[in-house]
Amino acid sequence: MLQFQCECGNKTAFFATSDYDEQGREVLDIEDEDCVSYVIGEESVEFKCKFCGHRYVLPKFISYSE
Ligand SMILES: [Zn+2]
């Protein structure tokens, strides 16, 4: 569904779990937790490659309206 691929070639994917939250959104889980770690902060989501240590950040953007 969503794929993470580091510049070192390490990659893993997020998959849909068939579980839904109270807002009707399907919950994602990570395929291989040994490949990447992520930290969800107030302003961003940070991904860290567990192979080479390279870090990526997904900044918080203006939220879209319903
Ligand atoms: Zn890497």
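Here, the structure is the one placed above.
All figures in this text were calculated on a predicted structure; none of them were measured in a lab. (Residues numbered from 1 in each chain as written. Predicted model: local features only at pLDDT ≥ 70, side-chain atom pairs only at ≥ 80, totals over all residues.)

Considering the environment of lysine 60
Basically, it comes down to this: Where helices and strands are cited, they refer to DSSP runs of H or I of at least four residues and of E of at least two residues respectively, numbered from the N terminus. Any residue surrounded by 20 or more other C-beta atoms within 10 Å of its C-beta is treated as buried, while 12 or fewer makes it exposed and the intermediate range makes it partly exposed; C-beta atoms here are placed from the backbone. We call two residues in contact when the distance between their C-beta atoms, placed using the backbone, is within 7 Å.
As for its placement among the helices and strands, lysine 60 is situated in the segment after strand S6 (55–59). Judged by the 11 C-beta atoms lying within 10 Å of it, lysine 60 falls in the exposed class. For the pair lysine 60 and glycine 9, spaced 51 residues apart in the sequence, the C-alpha separation amounts to 26 Å. In this view, lysine 60 contacts Glu43 and Ser44; residues no more than four positions away in its chain are not counted.

Concerning the sheet that holds strand S3 (residues 26–30)
Heads up, the rule is: A pair of strands is labelled paired if DSSP reports no fewer than 2 bridges between them. The convention used is that axes are lines fitted to C-alpha atoms, helices contributing only their stretch in contact, and that angles between N-to-C directions extend from 0 to 180 degrees.
If you walk across this open sheet you meet the three strands as S1-S2-S3, and the pairing is antiparallel. Each having just a single partner strand, strand S1 (2–5) and S3 make up the two edges of the open sheet. Direction aside, the axes of adjacent strands within the sheet are offset by 30° on average.

Examining the environment of alanine 13
Relative to the helices and strands, alanine 13 resides in strand S2 (residues 11–20). For alanine 13 and phenylalanine 61, which are 48 residues apart along the polypeptide, the C-alpha to C-alpha distance reads 23 Å. Here alanine 13 is in contact with Met1, Leu2, Gln3 and Glu31, once residues within four sequence places are set aside.

Regarding the sheet that holds strand S5 (residues 44–49)
In space, the three strands of this open sheet follow the order S4-S5-S6, with antiparallel pairing throughout. At either end of the open sheet lies a strand with only one pairing partner, and these are strand S4 (36–40) and S6. Direction aside, neighbouring strands of the sheet carry axes that sit 20° apart on average. Across five bridges, S4 lies against S5 in antiparallel orientation. Among the inter-strand pairings, valine 36 is bridged to a residue of S5, identified as cysteine 49.

Here we look at the environment of threonine 12
Checked against the element boundaries, threonine 12 lands in strand S2. Once the C-alpha coordinates of threonine 12 and leucine 2 are considered, the two residues, ten residues apart in sequence, prove to be 8.7 Å apart. If near-sequence neighbours (up to four positions away) are discounted, threonine 12 is found in contact with Phe4, Ile30, Glu31, Asp32, Cys35 and Val36.

Observations concerning the pairing of S5
The antiparallel pairing of S4 with S5 creates a hairpin that spans three residues between the two strands. In this sheet, S6 lies alongside S5 in antiparallel orientation, the contact comprising five bridges. From the neighbouring strand, phenylalanine 47 faces S6, where its bridge partner is tyrosine 56. Count of turn residues in the S5/S6 antiparallel hairpin: five residues, of which glycine 53 carries a positive phi of about 85°.

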